[in-house]
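# Remarks on the overall topology
Each chain is listed here by its residues.
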Amino acid sequence: MGSLSIWHWLIVLLVVVLIFGTKKLRNIGQDLGGAVKGFKEGMRSEDEAAKQVEEGGRTIEGEVKEKNHTRA
C-alpha cells in the first residue's frame, strides 16, 4: 500500500494532462528549461570571474567620455 505502481502513475499523468492541457504543460516545461539554462550560464560566468580574480587578473569597467590627443 505504501508504493505506487506504474498504473497509478499513468492515471495521475492522465489527470494532469486533462486538467492543464498539453499546450500549457509544454509552455511550463519550456519556461522551466529556460530558467535552468539561465541559472547554469549565470553560475558559469561567476566561476569564470572568480578564476580571473584568483589568477591575478583585473577587470576595469568604465566609460570613455572624451579622448585627448597629446603629442610631445
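Within every chain, residues take consecutive numbers counted from 1 along the sequence as written. In keeping with the predicted nature of the model, local features appear solely for residues at pLDDT of at least 70, side-chain atom pairs appear and are counted solely at 80 or more, and the whole-chain, interface and lining totals rest on all residues. Side-chain descriptors were evaluated using all non-hydrogen atoms of the structure, hydrogens and water having been removed beforehand.

Counting from the N terminus, the helices are DSSP H or I runs at least four residues long and the strands are E runs at least two residues long. Tallying secondary structure elements over the chain gives 2 helices and 0 strands in all. Throughout this description, buried means an accessible area under 20% of the type-specific maximum (1.4 Å probe, protein chains only), exposed means over 50%, and partly exposed covers the range between. For the chain, with 72 residues in total, the buried portion stands at 0%. Total accessible area on the chain is roughly 7500 Å²; 59% of this is exposed by carbon and sulfur atoms. Using the Shrake-Rupley algorithm and a 1.4 Å probe, accessible areas are obtained, with residue cover drawn only from the displayed protein chains.

A word on helix 1 (residues 6-20). The terminal C-alpha atoms of helix 1, which comprises 15 residues, lie 21 Å apart, in line with the 21 Å expected from a rise of 1.5 Å per residue. Burial of helix 1 is sparse: only 0 of the 15 residues sit out of reach of the surface. Directly after helix 1, the chain includes Gly21, whose backbone phi takes a positive value near 85°. To estimate how far a helix should reach, multiply one less than its number of residues by 1.5 Å.

As a further point, take a nonpolar patch on the surface. Exposure above 30% relative accessible area and the absence of a salt bridge qualify a residue for a patch, where like charges join within 9 Å and nonpolar side chains (Val, Leu, Ile, Met, Phe, Trp, Tyr) within 5 Å. Definition used for salt bridges: Asp or Glu carboxyl oxygen within 4 Å of a side-chain nitrogen of Lys or Arg. Together, Leu4, Ile6, Trp7, Trp9, Leu10, Val12 and Leu13 give the surface a local cluster of nonpolar side chains, amounting to about 790 Å² of exposed area. Assignment of secondary structure puts Ile6 in helix 1.

Right, let's get into the environment of Ser5. Along the chain, Ser5 falls in the segment before helix 1. Here Ser5 falls in the partly exposed class, since its relative accessible area comes to 30%. Within 3.5 Å is the distance limit for a polar contact, defined as a pair of N or O atoms, with the added protein rule that one can donate a hydrogen and the other accept it, and that residues adjacent in sequence qualify only through two side-chain atoms. Polar contacts involving the side chain of Ser5 include one to the side chain of His8, which spans 3.0 Å.

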